[in-house]
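In case you want the letters, here they are:
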Amino acid sequence: MSGTRTITIANRGGAAYSVAERRPLLDTLREQGVDLPYGCRYGGCITCAARLTAGTIDQRRQVALNNRQLANGYVLLCVARPVTDCVLEIGVESHGLLYRNPFLDPLAPHELKPAIARPKEP
Ligand code: FES
């Protein structure tokens, strides 16, 4: 049907939902009974992050994800609208690549802020 897209949730048994392409996925999926966490609802807190594994999302209103998170496929469902049919992983089990563990994967010196990276002057 025109104006709708199919969203498949890979880590919920491949359940598929027909959603409006012009509305945020957080709303259209929750209305169909998908249990999704959320907080701010304006793309600023990352609580609603999910991982896009196929398809295209318009999330131009998001302000919280950095380039690394975007490159790993993360989308913020409260501001994400489906451009095509999509496959998502949802919930905290999809958040494995969302945050970087500084103990397992320390920042390189060039990634630190200059005031932190530079040794203290005597
Ligand atoms: S609910 Fe805060 S970013 Fe989506």
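I will try to describe carefully the structure that is included in this document.

Cut-offs and rules
- Residues numbered from 1 in each chain as written.
- Predicted model: local features only at pLDDT ≥ 70, side-chain atom pairs only at ≥ 80, totals over all residues.
- Heavy atoms only, no water.
- Phe/Tyr/Trp six-rings, centres within 6.5 Å; stacked < 30°, edge-to-face > 60°.
- Lys NZ or Arg CZ within 6 Å of the ring centre and 35° of its normal.
- Pairing = 2+ DSSP bridges.
- Helix = DSSP H or I, 4+ residues; strand = E, 2+ residues; numbered from the N terminus.
- Axes fitted to C-alpha atoms, helices over the stretch in contact; angles between N-to-C directions.

It is worth spelling out the packing of aromatic side chains at this point. Applying the stated criterion to the full structure yields zero aromatic pairs. If you follow Arg41 out to its NZ or CZ, it ends over the ring of Tyr38, 4.8 Å from the centre.

What follows covers the sheet that holds strand S5 (residues 74-76). Read across the open sheet, the five strands follow the order S2-S1-S7-S3-S5; overall the sheet is mixed. On the outer flanks of this sheet lie strand S2 (15-20) and S5, each paired with one strand and no other. Direction aside, the axes of adjacent strands within the sheet are offset by 40° on average. Strand direction decides the pairing type here: strand S1 (residues 4-9) and strand S7 (residues 86-89), joined by three bridges, are parallel.

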